[in-house]
Amino acid sequence: MALLEVRDLHVFYGNIEALKGISLDAQPKQVVAILGGNGAGKTTTLRTISGLLRPRSGSITCDGKSIVGVPAHVIVGLGLSQVPEGRRIFNILNVEENLSLGGYLMRSHRQLIKERKAAVYELFPRLAERRGQLAGTLSGGEQQMLAIGRALMSDPKVLMLDEPSLGLAPMLARSVLKTVRRIADRGAAVLLVEQNARQALAIADYAYVIEVGRIALEGEAAALASDERVQKAYLGGFESVGSA
Amino acid sequence: MGVFLQYTVIGLTVGSFYALVALGYTIVYGIIRLINFAQGDLSMVGAFLGWTLLVSFGFEHLPIYIALVIAFVIPMIGTAVINIGILQFAYKPLLRRSLLAILITALGMSLLLQNASELIWGPAIQAYPPNLLPLSGFFIGPVHVTYVQIALVIASLLLMCGLVAFVQGTTMGTAMRALAVDHDAARLMGINVDAVIRVAFVLGAMLAAASGVMLGIYYVQIQFTMGFLLGLRAFTAAVLGGIGNIPGAMAGGLLIGLLEAYTTGYLSGTWEDVVVFGVLITVLIVKPTGLFGERVAERM
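Every value quoted in this text rests on a predicted model; they were computed, and no experiment measured them.

> Give a detailed account of the overall build of chain A, specifying residues and quantitative values.
What chain A contains, in helices and strands, is ten helices and ten strands. In terms of overall size, chain A behaves like a compact globule, its C-alpha atoms giving a radius of gyration of 17 Å where 244 residues would be expected to give roughly 18 Å. Along the longest, intermediate and shortest principal axes, the C-alpha atoms of chain A span 50 × 40 × 35 Å. Across the 244 residues of chain A, 55% fall into the buried class. On chain A, roughly 10,400 Å² of surface is accessible, and the fraction owed to carbon and sulfur atoms is 50%. Chain A carries 29 positive and 24 negative side-chain charges, and their two centres are separated by 6 Å.

> Provide a residue-level description of the interface of chain A and chain B, including the pertinent values.
Taken together, the contact between chain A and chain B spans 21 residues of the former and 22 residues of the latter. Counting each side, the surface lost to burial between chain A and chain B is near 2,000 Å², with a carbon and sulfur contribution of 68%. Of all residues in chain A, F90, I92 and Y104 of chain A give up the largest surface area on contact with chain B, accounting jointly for 30% of the area buried on that side. At the surface where chain A touches chain B, the tally comes to three salt bridges. Here R177 of chain B and E97 of chain A are joined by a salt bridge, their closest N and O atoms 2.8 Å apart. Every element with two or more residues in the side of chain A that touches chain B is listed here: α1 (42-50), α2 (72-77) and α3 (95-102) of chain A. Tallied by class, the residues present in the side of chain A that touches chain B amount to eleven nonpolar, five polar and five charged.

> Explain the packing of helix α2 (residues 39-56) of chain B against helix α8 (residues 193-219) of chain B residue by residue, including any values.
All names here are of chain B. The contact between α2 and α8 brings their axes to 7 Å, and the two run at 55°. Between α2 and α8, the angle is such that the two are oblique. At the point where α2 passes α8, the crossing takes the right-handed sense. Contacts from Q39, L42, S43, G46, A47 and G50 in α2 reach G204, A205, A208, A209, S211, G212, V213 and L215 in α8. Of the residues that constitute the contact of α2 with α8, the class distribution is seven nonpolar, seven polar and no charged.

> Just give me the short version of the environment of K20 of chain A, but keep the residues and values in it.
Residue and element names in this part refer to chain A. Relative to the elements of secondary structure, K20 occurs in strand β2 (residues 16-26). Residue K20 is classed as partly exposed on the basis of its relative accessible area of 27%. Once residues within four sequence positions are removed from consideration, K20 is found in contact with L9, H10, V212, G213 and R214.

> Which residues make up the environment of G14 of chain A, and what are the values?
The residue G14 of chain A is located in the loop between β1 (4-13) and β2 in this model. In this structure G14 of chain A comes out as exposed when scored by relative accessible area, which is 58%.

> Got a sec to walk through the pattern of salt bridges? Specific residues and values, please.
For the structure on display, the rule yields 18 salt bridges over all chains. Between R7 of chain A and D25 of chain A there is a salt bridge, and its shortest N-O distance comes to 2.9 Å. Taken together, the residues span a long stretch of sequence, with R7 of chain A in strand β1 and D25 of chain A in strand β2 at a distance of 18 residues. Overall, the relative accessible area of 31% leaves R7 of chain A in the partly exposed class. A network of salt bridges, in which partner residues are shared, links R233, E260, E272 and D273 of chain B.

> Summarise the sheet that holds β1 of chain A; cite the residues concerned and give the values.
Reading across from one edge, β2-β1-β4-β5 (chain A) is the order of the four strands in this open sheet, with antiparallel pairing throughout. Of all the strands in the sheet, just β2 and β5 (65-66) of chain A have a single pairing partner and so form its edges.

> Talk me through the environment of R177 of chain B; I want residue IDs and the actual numbers.
All names here are of chain B. Mapped onto the elements of the fold, R177 is located in helix α6 (residues 171-181). The buried category is assigned to R177, whose relative accessible area is 3%. Remark: the alpha-carbon pair of R177 and G11, spanning 166 residues in sequence, is separated by 30 Å. Among the polar contacts made by the side chain of R177, one reaches the main-chain carbonyl oxygen of V167 at a distance of 3.1 Å.

> Requested: an account of the side chain of N245 of chain B, with residues and values cited.
Tracing the backbone through its elements, the reader meets N245 of chain B in the loop between α9 (226-241) and α10 (246-267). At 2.8 Å, the side chain of N245 of chain B forms a polar contact with the backbone nitrogen of G248 of chain B.

> An account of unusual backbone geometry is needed here, citing residue identities and associated values.
Residues and elements named next belong to chain A. Here the phi dihedral of D8 falls at roughly 50°; this positive angle occurs in a residue that is not glycine. Within the secondary structure, D8 is located in strand β1. Residue classification places D8 among the partly exposed positions, given a relative accessible area of 44%. With a phi angle near 50°, R88 is a residue other than glycine that sits in the positive phi range.

> Go over the confidence of the model for chain B, please, and point to the residues and values.
Mean pLDDT over chain B stands at 93; residues scoring 70 or higher make up 97%. Here residues 296-300 of chain B is modelled with pLDDT under 50, and outside its nearest four sequence neighbours on either side it reaches 27 contacts, counting other chains as well.

> Requested: an account of the packing of helix α5 (residues 147-169) of chain B against α6 of chain B, with residues and values cited.
All names here are of chain B. Taken N-terminus to C-terminus, the directions of α5 and α6 make an angle of 80°; their axes are 5 Å apart at the nearest point. Put simply, α5 runs roughly perpendicular to α6. Residues F166, V167, Q168 and G169 of α5 lie in contact with α6, whose contacting residues are T171, M172, G173, T174, M176 and R177.

> Can you explain α6 of chain B? Please cite residues and give values.
Burial within α6 of chain B is extensive, with nine of its eleven residues counted as buried. Buried residues of α6 of chain B: M172, G173, T174, A175, M176, R177, A178, L179 and A180 of chain B, and no others.

> An account of a nonpolar patch on the surface is requested, with residue identities and associated values reported.
Residue and element names in this part refer to chain B. Taken together, the side chains of M1, V3, F4, L5, Y266, L267, W271 and V274 make up a nonpolar region of the molecular surface, amounting to roughly 840 Å² of accessible area. Within the residue set of the nonpolar patch, elements represented by two or more residues are α1 (2-32) and α10. It is α1 that contributes the most residues to the nonpolar patch, three residues altogether. If you trace the backbone, F4 turns up in helix α1.

Here is what the cut-offs are and how they apply
Residues numbered from 1 in each chain as written. Chains lettered and ligands numbered in written order. Predicted model: local features only at pLDDT ≥ 70, side-chain atom pairs only at ≥ 80, totals over all residues. Heavy atoms only, no water. Helix = DSSP H or I, 4+ residues; strand = E, 2+ residues; numbered from the N terminus. Rg over C-alpha atoms; globule rule 2.2 N^0.38 Å. Buried < 20%, exposed > 50% of the residue type's maximum accessible area, 1.4 Å probe, protein only. Areas by Shrake-Rupley, 256 points an atom, 1.4 Å probe, with all protein chains shown as cover. Lys, Arg positive; Asp, Glu negative; His and termini not counted. Charge placed at Lys NZ, Arg CZ, Asp CG, Glu CD. Contact = heavy atoms within 4.5 Å. Buried area = accessible area lost by both parts, 1.4 Å probe. Salt bridge = Lys/Arg side-chain N within 4 Å of Asp/Glu carboxyl O. Nonpolar A, V, L, I, M, F, W, Y, C, P; charged D, E, K, R; others polar. Axes fitted to C-alpha atoms, helices over the stretch in contact; angles between N-to-C directions. Parallel < 35°, antiparallel > 145°, perpendicular 65-115°, else oblique. Left-handed = near helix turned anticlockwise from the far one by under 90°. Pairing = 2+ DSSP bridges. Polar contact = N/O pair within 3.5 Å; in protein donor to acceptor, adjacent residues only side chain to side chain. pLDDT = per-residue confidence, 0-100. Patch = residues over 30% accessible without salt bridge, like charges linked within 9 Å, V, L, I, M, F, W, Y side chains within 5 Å.

Structure below.
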């Protein structure tokens, strides 16, 4: 049984069915990439796992426990943490305060918070230099580091990242994804939503391709990277996998 | 000059009460974009709870420090409970609906508190014990300052400092500021957004109740209608300072107090509201973001 198991997830926005039966697994130390075009349902999948959206049907279990219907702020405490699309750091708070909020559920354990902050600063030395600076004044790359660091403060078993390389210069994007790989190697299960399929597949173990709310294709990352349909659709071409 | 300074002393005293009520508006608005129009009436309820304890229960005869602690703390708690009730039963079901629905509900809550208070405490003007604090004072040059004024202004400042320390210095306060930016991101941190909203309502009500008791001590007379104008003036203060902005609410409160004192002194008391609400309209037209004008989403 996988650490995170999603089965036949159906999610609606009003009458529009955004997810039409998504199933996926993630294991510790694994980077699982979720690829797909705009509006395919990648973000919706993460938001539903995080508890920000409620599925109409389907199951989500973490460590064998169902987390469907559990409020988002409780899900964090169960070990699932998300770096949302667009970073969504608290721009009026400084770096240190942003990290403090990442450890909100452990706020009474000051020593633990201190250690986790130190670990984040070790992972992202740039943040340590700017710990007193307002988050809104950080560069895009630094903001992404902060968003990831903030999510790591709760020491998640499952870390979900929504487009962490979006808007970053290519070199910075590679460095962020490298860090994502390191986080998985340390033991977390990582769900990585990415537009940049080539770089995502380079660091991922397994990947799912979502098209209009369904899993169109899945497999080992290396196999998918060399798959002709994926190459056409996401690594240069423009056709969809389904029509190939 | 002496007259001007005298008005200034009066204005700062009254302004510190407005500032407390304005802070309640601003904290709640900063988090859920709701103008809690019951804010002024919560102050009135606080004043009456304090009056009940001091006069009806006779606590005014206790040693002054004990009497004051009781007269402030219990109304603050009671009013906080009322505000939580309003949040849970009136606002919460509407939070995801239209802003207009919740705005009208807020006005309804204001009327509800007024009418309930009229039923409980009657329509008549009630009087706080006049000699609770020494009425005497002293002169600084030509300006007469009373001990009551000093005590009340200091108490207001202490409450404001306490609020700022809470909002800036605690993780809960940081969570409140985070909510002013992004509710969903806050949820993803494990922050129970509903619980933080409740904390904001508790703080707002406590500040309102404290200002109500202070008004009772300062003006002696209280009546169930007193919260209405008080609330509107404090709202003006909050808008003037930039609603959602804590230092702005404090500055706005003091400015409205001064404006009121100068108007009453140099023109006449009947012009007070004309000037105060003239300011409200002018700010809304000329600089809707208020004196500390930033974008609303980047406040607190």
